[in-house]
Amino acid sequence: MIKFLDLKKINQPYEKAFQDRLKTIMDKGWYILGDEIKAFEADFAHYCGTKYCIGVGNGLDALVLILKAYIQLGKIQKGDEIIIPANTYIASILAVLQADLVPVLVEPNLETYNLDPEAIEKAITPKTKAILPVHLYGQLAPMREINAIAKQNNLLVIEDAAQSHGAVLDSKKAGNWGDAAGFSFYPGKNLGALGDAGAITTNDDALAKMIFSIRNYGSEKKYVHDYIGINSRLDELQAAFLSVKLPNLDAENGLRKKVAERYLAEIKNDKVKLPFFDGSQNHVFHLFVVRTEHREEFQGYLSANDIQTLIHYPTPPHQQKALSYMSNLSFPITEKIHREVLSLPISPVMTDEEIGYVIEIINKF
Ligand SMILES: *Cc1c(COP(=O)(O)O)cnc(C)c1O
């Protein structure tokens, strides 16, 4: 059986180092906002090339905290509009709603699955305050174009970098393209913790200071509360585990890319549309997503041949019950994507034989 993602195998090589870090934390007896989170924040900021990293509870909270901090700083007001891709994972949209802002969904580009600059420009109104690009499946959104539009229209850019740890364009990493970025370290992400975890990166002094406060009850000094904050802190144990894994992130992304390059070169089947990839470092292949008009049959066929696949995502956000107020909206490109996409197994621990087997089976479909 070829698993979609073998997390046990991914984390196995780190087990001894994890145990050492656990022992250190047990010996210290300090579990929240200690040395481990500070060390990881410094390391991850350095990795992304940003001035700050703020460790938080998960990727959703990272985005919520950025938006709430901008509201607190007076840069965004409740009811303002945030432009967001219609085909994103629902978390990006929930973050906007949880900050009492209005998500304005726009169609993606059908080739890259990322935001389409023309669609962004058409969606801008006097209430628009920010663009929230999602580097979907691991590939950077067209950030040069998005930043140019943002500059022209005086908008903030908030990256959802939950799937793109380490992706680079123009020597600039995911998380360093916008005014701020939200990361998730959910176990299945390219940099994954052993539980929930997330972070924000930014170069903005005032924003960072605000987020450091509101992730911790709006408090900088114990029992002094300046803002209505939340509790969303990256805990010491997860921070320590992430520090163990971070030095290998580029190598692991390289192994993912090798799998992707073989799929791209060797899968030859007219019924299966391969993802767009320009060969650069702008894609870290969090997912390898193909498209087919025969998805149900294709997924059943792969499963019958012991190849596990997943769908990212089966239902577009505007058709979810939770967002039923959007059910009158129509996004033909997004709807087509959700009908046709299928994610093949990809990970840093797939063997050459496994990759070859997946290719062989797909070519026989
Ligand atoms: C995983 C993910 C999130 C949310 O991250 P959590 O840590 O699960 O809260 C947000 N946006 C995108 C695009 C994601 O893939």
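Counting restarts for each chain, with residues numbered from 1 along the sequence as it is written. Side-chain atom pairs in this predicted model are given and counted only at pLDDT of 80 or more, local residue features only at pLDDT of at least 70, and totals for whole chains, interfaces and linings cover all residues. Note that water and hydrogens are dropped before the side-chain values are worked out from all heavy atoms of the structure.

By the naming in an unreviewed UniProt entry, the chain goes by DegT/DnrJ/EryC1/StrS family aminotransferase and is assigned to Flavobacterium microcysteis. Recorded under Sequence similarities (unreviewed entry), the UniProt text for the chain is reproduced unchanged: "Belongs to the DegT/DnrJ/EryC1 family." UniProt positions are given in the numbering used here, feature names are shortened, and annotations may be inferred rather than shown by experiment.

On to the UniProt feature "modified residue: N6-(pyridoxal phosphate)lysine" (unreviewed entry) in the chain. With numbering matched to this structure, UniProt assigns "modified residue: N6-(pyridoxal phosphate)lysine" (unreviewed entry) to Lys189. Strands are runs of DSSP state E lasting at least two residues, helices are runs of H or I lasting at least four, and both sets are numbered from the N terminus onward. Structurally, Lys189 can be placed in the loop between β8 (180-184) and β9 (198-202).

The subject of this paragraph is the side chain of Thr88. Looking at the secondary structure, you find Thr88 in the loop between β2 (81-85) and α5 (90-98). What makes Thr88 buried here is its relative accessible area of 2%. Here a polar contact is taken to be a pair of N or O atoms separated by no more than 3.5 Å, where protein atoms must pair a possible hydrogen donor with a possible acceptor and residues adjacent in sequence count only if both atoms sit in side chains. A polar contact of 2.6 Å, which involves the side chain of Thr88, links it to the side chain of Ser92. Setting aside residues up to four positions removed in sequence, Thr88 forms contacts with Ile93, Val134, Leu136 and Pro317. The classification of residues rests on relative accessible area computed with a 1.4 Å probe and restricted to protein chains. Under 20% of the type maximum is buried, over 50% is exposed, and intermediate values are partly exposed. Here a residue-residue contact requires only that any non-hydrogen atoms of the pair lie within 4.5 Å.

In this analysis an axis means a line fitted to C-alpha atoms, helices contributing only their contacting stretch, and an angle means the value between N-to-C directions, from 0 to 180 degrees. In the contact formed by helix α4 (residues 59-72) and helix α8 (residues 205-214), the axes pass within 9 Å of each other and the chain directions differ by 115°. Relative to α8, the element α4 lies roughly perpendicular. Pair α4 / α8 crosses with right-handed handedness. When α4 is examined against α8, the residues Leu65, Ile66, Lys68, Ala69, Tyr70 and Gln72 are found in contact with a partner set consisting of Leu207, Met210, Ile211 and Ile214. The classification used treats Ala, Val, Leu, Ile, Met, Phe, Trp, Tyr, Cys and Pro as nonpolar, Asp, Glu, Lys and Arg as charged, and all other residues, Gly among them, as polar. Looking at side-chain class alone, the contact of α4 with α8 contains 8 nonpolar, 1 polar and 1 charged residues. Orientation is classified from the angle alone, with under 35 degrees giving roughly parallel, over 145 giving roughly antiparallel, 65 to 115 giving roughly perpendicular, and any other angle giving oblique. Each crossing is labelled by how the near helix is turned from the far one, with a counterclockwise turn of less than a right angle marking it left-handed and a clockwise turn marking it right-handed.

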